[in-house]
Amino acid sequence: MPDTRLYDSDFFAWTQDQASRLRRLAAERSNVDLDLENLAEEIESMGRSEQQQLESRLTVLLLHLLKWRFQPGLRGNSWRLTIKEQRNRIERHLRKNPSLKAMLDETIVDAYSDALIGAERETGLPETTFPKDCPWSFDQMMDDGFLPEA
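Residues numbered from 1 in each chain as written. Predicted model: local features only at pLDDT ≥ 70, side-chain atom pairs only at ≥ 80, totals over all residues. Heavy atoms only, no water.

Enquirer: Go over the overall build of the protein with me, naming the residues and quoting the values.
Expert: Looking only at helices and strands, the protein has six helices and zero strands in total. Across the protein, helices and strands are ordered from the amino to the carboxyl terminus as α-α-α-α-α-α. The C-alpha radius of gyration computed for the protein amounts to 19 Å, which surpasses the reference 15 Å derived for 150 residues by more than 25%, pointing to a less compact arrangement than a globule. In the protein, buried positions account for 37% of the 150 residues. (Helix = DSSP H or I, 4+ residues; strand = E, 2+ residues; numbered from the N terminus. Rg over C-alpha atoms; globule rule 2.2 N^0.38 Å. Buried < 20%, exposed > 50% of the residue type's maximum accessible area, 1.4 Å probe, protein only.)

Enquirer: So what's going on with the nonpolar core? Residues and values would help.
Expert: Generally speaking, soluble globular proteins have nonpolar side chains that are buried together. Judged by nonpolar contacts, the single largest core of 27 residues is most densely connected at L58, L66, I90, F138 and M141. Put simply, the parts of the chain that give this core at least two residues each are α3 (36–70), α4 (77–96), α5 (104–123) and α6 (138–142). At eight residues, the largest contribution of residues to this core is made by α3. F11, L22, A40 and I43 belong to the second largest nonpolar core, which has seven residues in total. (Core = buried A, V, L, I, M, F, W, Y, C linked by side-chain atoms within 4.5 Å.)

Enquirer: Outline α5, listing residues and values.
Expert: A rise of 1.5 Å per residue sets the reference length of α5, with its 20 residues, at 28 Å; its end C-alpha atoms lie 27 Å apart and thus fit the reference within 8%. Of all the residues in α5, the buried ones are L104, T107, I108, A111, Y112, A115, L116, G118, A119 and T123. Considering only its buried residues, α5 is in contact with α3, α4 and α6. (Expected span 1.5 Å × (residues − 1). Contact = heavy atoms within 4.5 Å.)

Everything listed here is a matter of coordinates, which is why it stays silent on function.
See below:
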């Protein structure tokens, strides 16, 4: 009987493990009447969607931190609550998929790249206004007491 603890505690890790097991089974050329390679690909895809959700939440968080930092005159409760909400959602997502923490550095780089585009679009400020690289550590951006000041 399969161990379902990983499925319950870290869905992303489970998807990667199961896809790997399916590929090994396919390589053994078992007489299993299943499309093992495509099943493995679909399960991996489910895991990638968990990573994409984390990246999306980080993008929204970083976008609002940038707006907070570079448009102090427009700060409001809506931005503050969006920052708070994204922190909560990221924290929950990582709690349910702890193996995604190993990909945080790469995911933050990708999310920041998208947040820069959004910040330029939403603020009307030139691209050169914003730091080229993310100016905050993950711990900073997730700290409930942290809001970047000008």
